[in-house]
Amino acid sequence: MVSLFRPKKTSPRLERLHSLSLFVNLTPAELQIVDGLLHERHYLGGEVIFDEGEEGQAIYIVASGEVRISRHENGDGGHAAQAAAHESTLHPRRRQGDSGQLAQLGPGTFFGELALLDNSPRSAQARAVTPCQLIVFFRDDFVGLLDTHARIASKISRQLACHLGARMRNMAVAVGAHQHMV
């Protein structure tokens, strides 16, 4: 009889997902729904996860290993030139055509989040530094979640907006443009 009233244990994967800022506001039942939409992918050290310029189709969550985000600055068009100018402001010794590391990410972090919002080309390359296990949330599954479970998608969207806002503020401070951020 006593075992009927014990709290239901959650899996280590669900506990790990709940600890991520993206999913922190989800209830256990909501998290289980989202977990059913997530996919696991494994990458070898040195393997490209996605390339700069590819269509963004998913957000990636690092479960284990390390991922490097970098930009190759000799891309085409105005966007690449703007990115190169921005990078040269941050890294004056870097010359056009050099690869620029933007971030190195470990377990519990996520990247490629703009892919949930649109299908714009990737602005950087993601490469596994070490063997990695990544959890992947595809845009099509997120759009389906918007249709079937709008409350859950809204909670994720709010966290995503907070994350992107913080990143924009940090970038503005890094380039000395904080007076333009409101």
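Please refer to the structure placed before this passage.
The following refers to the structure shown. What you are looking at is a predicted structure, and each value in this text was computed from that prediction instead of being measured. (Residues numbered from 1 in each chain as written. Predicted model: local features only at pLDDT ≥ 70, side-chain atom pairs only at ≥ 80, totals over all residues. Heavy atoms only, no water.)

**Brief notes about the overall build of the protein chain**
Okay, so step 1: Assigned secondary structure in the protein chain consists of five helices and eight strands.
Okay, so step 2: Scanning the protein chain from its N terminus toward the C terminus, one meets helices and strands in the order α-α-β-β-β-β-α-β-β-β-β-α-α.
Okay, so step 3: Here the protein chain holds 182 residues, and the buried ones make up 35% of them.
Okay, so step 4: Look at the contacts in the protein chain between residues 6 or more apart in sequence, and 80% of them connect residues 24 or more apart.
Okay, so step 5: When the accessible surface of the protein chain is split by element, carbon and sulfur atoms take 55% of a total near 10900 Å². (Helix = DSSP H or I, 4+ residues; strand = E, 2+ residues; numbered from the N terminus. Buried < 20%, exposed > 50% of the residue type's maximum accessible area, 1.4 Å probe, protein only. Contact = heavy atoms within 4.5 Å. Areas by Shrake-Rupley, 256 points an atom, 1.4 Å probe, with all protein chains shown as cover.)

**Section: the nonpolar core**
Okay, so step 1: Membership of the largest hydrophobic core comes to 23 residues, with the highest contact counts inside it found for Leu-17, Phe-23, Val-34, Phe-137, Leu-145 and Ile-156.
Okay, so step 2: Mapped onto this core, the elements with two or more residues apiece are α1 (12-18), α2 (28-35), β3 (58-64), β8 (132-138), α4 (139-148) and α5 (150-174).
Okay, so step 3: Ranked by residues supplied to this core, first place goes to α5 with five residues.
Okay, so step 4: For Ile-156, the contacting residues outside a window of four places in its chain are Leu-22, Phe-23, Leu-26, Val-34, Phe-137, Phe-142 and Leu-145.
Okay, so step 5: By size, the runner-up hydrophobic cluster in this structure holds 16 residues, among which are Ile-49, Phe-50, Leu-105 and Cys-132. (Core = buried A, V, L, I, M, F, W, Y, C linked by side-chain atoms within 4.5 Å.)

**Looking at the pattern of salt bridges**
Okay, so step 1: A full pass over the atoms with the stated rule returns six salt bridges.
Okay, so step 2: With a closest N to O distance of 2.6 Å, Arg-167 and Glu-113 form a salt bridge. Within this pair, whereas Arg-167 is found in helix α5, its partner Glu-113 is found in the loop between β6 (110-111) and β7 (125-128), the two being separated by 54 residues in sequence.
Okay, so step 3: What makes Glu-113 buried here is its relative accessible area of 2%.
Okay, so step 4: Among the ionic contacts, a cluster of salt bridges with common partners joins Arg-13, Asp-35 and Glu-40. (Salt bridge = Lys/Arg side-chain N within 4 Å of Asp/Glu carboxyl O.)

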